[in-house]
Amino acid sequence: MSALYQKKRTVIIDLLCDIIGSFLFAIGIYTFAKTADFAPGGISGLALICNHLWNLPIGLTTLLLNVPLVIISYKVVGKHFLFKTARTMIISTIFLDVIFPLTPTYTGSPLTAALYSGLGMGAGMAFFYMRGSSSGGTDFLTMTIKVRHPHFSLGAVTMVIDFLVILLGWPVFGNVDAVLYGLITSFVNSVALDKILYGMGAGKLMVIITNHAKAIADYISELSERGSTIVKAVGSYTGEEREVLLCACSKSQAYTIKNAAHEIDPGAFVMITETSEVFGEGFVENSDH
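Here the structure is a predicted model, which means the values were calculated and not measured. (Residues numbered from 1 in each chain as written. Predicted model: local features only at pLDDT ≥ 70, side-chain atom pairs only at ≥ 80, totals over all residues. Heavy atoms only, no water.)

S.K.: How do you make sense of the overall build of the protein chain when you look at a structure like this?
M.R.: Looking only at helices and strands, the protein chain features ten helices and four strands. Seen in sequence order, the protein chain has helices and strands lined up from the N terminus as α-α-α-α-α-α-α-α-β-α-β-β-α-β. Counting all 289 residues of the protein chain, 47% fall into the buried class. Put simply, 77% of the contacts in the protein chain that link residues at least 6 apart link residues at least 24 apart. Total accessible area on the protein chain is roughly 14600 Å²; 67% of this is exposed by carbon and sulfur atoms. (Helix = DSSP H or I, 4+ residues; strand = E, 2+ residues; numbered from the N terminus. Buried < 20%, exposed > 50% of the residue type's maximum accessible area, 1.4 Å probe, protein only. Contact = heavy atoms within 4.5 Å. Areas by Shrake-Rupley, 256 points an atom, 1.4 Å probe, with all protein chains shown as cover.)

S.K.: How should I be thinking about helix 5 (residues 110-130) in this particular structure?
M.R.: For an α-helix the count is 3.6 residues per turn, leaving residues at separations of three or four pointing the same way. The terminal C-alpha atoms of helix 5, which comprises 21 residues, lie 30 Å apart, in line with the 30 Å expected from a rise of 1.5 Å per residue. Near the N-terminus of helix 5, the side chain that reaches the backbone nitrogen of L111, with its oxygen 3.2 Å away, is that of S109. One or two positions beyond helix 5, positive phi appears at G132, with a value near 75°. (Expected span 1.5 Å × (residues − 1). Polar contact = N/O pair within 3.5 Å; in protein donor to acceptor, adjacent residues only side chain to side chain.)

S.K.: Where do I start with unusual backbone geometry in this structure?
M.R.: Excluding glycine, most residues fall at negative phi; most peptide bonds, likewise, are trans. Residues other than glycine seldom take positive phi values, yet D37 does so here, at roughly 60°. Along the chain, D37 falls in the loop between helix 1 (3-33) and helix 2 (42-54).

S.K.: Sorry, what's going on with helix 3 (residues 58-77) here?
M.R.: Here helix 3 spans only 24 Å end to end across 20 residues, well under the 28 Å set by a 1.5 Å rise per residue. One or two steps after helix 3, the chain reaches G78, where phi turns positive at roughly 85°.

S.K.: Mind showing me how you'd approach the packing of aromatic side chains here?
M.R.: The geometry of two aromatic rings is summed up by the distance between their centres and the angle between their planes. Scanning all chains against the criterion turns up seven aromatic pairs. Here the aromatic rings of F23 and F100 are separated by 5.7 Å at their centres, their planes lie at 55°, and the arrangement is tilted. Within this pair, whereas F23 is found in helix 1, its partner F100 is found in the loop between helix 4 (79-99) and helix 5, the two being separated by 77 residues in sequence. Aromatic pair F32 and Y116: ring centres 5.5 Å apart, planes at 20°, arrangement stacked. Note that F32 is positioned in helix 1 and Y116 in helix 5, a separation of 84 residues in sequence. For F32, a relative accessible area of 14% corresponds to the buried category. Put simply, the rings of F23, F95 and F100 touch in pairs and so form one group of aromatic residues. (Phe/Tyr/Trp six-rings, centres within 6.5 Å; stacked < 30°, edge-to-face > 60°.)

S.K.: I'm lost on the nonpolar core in this one. Help?
M.R.: Soluble globular proteins: nonpolar side chains tend toward being buried together. Grouped together as the largest cluster of nonpolar side chains are 31 residues, with contacts concentrated most on I29, F38 and I58. For this core, the elements supplying multiple residues, two or more each, are helix 1, helix 2, helix 4, helix 5, helix 7 (154-173) and helix 8 (177-198). Once residues within four sequence positions are removed from consideration, F38 is found in contact with A33, L48, P110, A113, A114, S117, F173, A178, Y181, G182 and T185. One finds M206, A217, L245 and C249 within the second-largest nonpolar core, a separate group that totals 15 residues. (Core = buried A, V, L, I, M, F, W, Y, C linked by side-chain atoms within 4.5 Å.)

S.K.: Honestly, the packing of helix 1 against helix 4 in this entry has me stumped. Any pointers?
M.R.: Between two packed helices, what matters for the description is the angle formed by their axes and the separation of those axes. Viewed as axis vectors pointing N to C, helix 1 and helix 4 meet at an angle of 45°, and their least axial separation amounts to 9 Å. As judged from the angle between their axes, helix 1 and helix 4 are oblique. Note on packing geometry: the crossing formed by helix 1 with helix 4 is right-handed. For the pair helix 1 and helix 4, contact is made by D14, L15, D18, I19, S22, F23, A26, I29 and Y30 and by K84, R87, T88, I91, S92, F95 and L96, respectively. Looking at the contact of helix 1 with helix 4, its residues break down into nine nonpolar, three polar and four charged. (Axes fitted to C-alpha atoms, helices over the stretch in contact; angles between N-to-C directions. Parallel < 35°, antiparallel > 145°, perpendicular 65-115°, else oblique. Left-handed = near helix turned anticlockwise from the far one by under 90°. Nonpolar A, V, L, I, M, F, W, Y, C, P; charged D, E, K, R; others polar.)

S.K.: Explain the environment of L183 here, please?
M.R.: Within the secondary structure, L183 is located in helix 8. Along the chain, L183 and G41 lie 142 residues apart, while their C-alpha atoms are 8.0 Å from each other.

S.K.: What should I look at first to understand the confidence of the model for the protein chain in this one?
M.R.: Of the residues in the protein chain, 86% reach a pLDDT of 70 or more, and the chain-wide mean stands at 83. Confidence over residues 276-289 falls short of pLDDT 50; this stretch has 31 contacts with residues more than four positions distant or in other chains. (pLDDT = per-residue confidence, 0-100.)

S.K.: What is the right way to read a nonpolar patch on the surface from this model?
M.R.: A surface patch of nonpolar side chains, about 500 Å² in accessible area, is lined by F163, L167, W170, V176, L180 and L183. Of all elements in the fold, only helix 7 and helix 8 reach the threshold of two or more residues within the nonpolar patch. Structurally, F163 is set in helix 7. (Patch = residues over 30% accessible without salt bridge, like charges linked within 9 Å, V, L, I, M, F, W, Y side chains within 5 Å. Salt bridge = Lys/Arg side-chain N within 4 Å of Asp/Glu carboxyl O.)

S.K.: Sorry if this is basic, but what is going on with the pattern of salt bridges here?
M.R.: Close approach of charged atoms allows side chains of opposite charge to pair. All chains considered together, the criterion is met by six salt bridges. Between D14 and K84 there is a salt bridge, with its nearest N and O atoms 3.2 Å apart. In this pair, D14 is assigned in helix 1 and K84 in helix 4, connecting sequence segments 70 residues apart. On the accessibility criterion, D14 (4% relative accessible area) is buried.

The following block contains the structure:
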C-alpha cells in the first residue's frame, strides 16, 4: 500500500467520520435541545442560549465563540489538531445552520429531549475523537487550563465549565428545570462518549521503534496526556541498538499517538496491540521517560 494511497484513505475516512459525527451532533443540538428550553454544557450550550435570546444561528455562533478559544490555546493544541478540528467545526456548522433547519424538531417531553440530546451529542463527539479531532469549544479551554495547571483534574475542569454554562440556563429559560435537563444531557453525553470510545475498558498498547523516542514521548504526552516508557533494544542479528517506546492508551488515542510518532519520525515502526484494560496514564506515572 503506497504512502499516497494511505494518505488519501485517511483523509476520506476522516471526512466520513466528520460528516457522520456532525449529523449525530446536530440531531442532539438542533432536533432535541433547541426547542426544549435548556442548554447542555460547553460552547454548544452557549450557542443555544444565544439562539434563544437573539435568534442567532447555532452553528455560526458556535464557530464564532470558538475564535478566542483558538487564539488562546493555539500553542497548546498544535496546528495539526487545530486544522482537523476547524474542518470538523465547519462541517458541523453546515449541518446545524443549513441542513437541519429544513427538518422538524422534537416537541415532546423535555426529559426525552434531554436524554436523546445527550445521546446524539455523545455519539457525534465519539466519531470526532476517534479520528483525532474534536468539536472545539471547551476542549481547547480544558487542554489549555490543564497545561497551565497540571495538578488540576481534567474531568473536574470540564465539569466546572459545563456546569457554569448549564447554570446560566436557569435565568435565561426562566426555570430550574433547565438546569436539571442540562445536567441530564451532559451525563448521557459523557456515558455515550465513553461507551463508544472505550467500550468496556478495552485499550491499546503502542510499541514504537524509533531513533527519536524522547521527542515522540514528549509529543505524545503533550497531545494525549499519556505517559510512556523508553527501553533500549538490540537486534539479535545486526546488533544494532534502537529505542523502543511503550505507551498504554485508549482506543480513541491510538490513532492520534500513531500520527504523532510518524510526524516526528516518518520511518518509525509502530505496532498496535489489543489489551483487555488500560489503567492510569501509562507504564510510568507522570512519564519518567
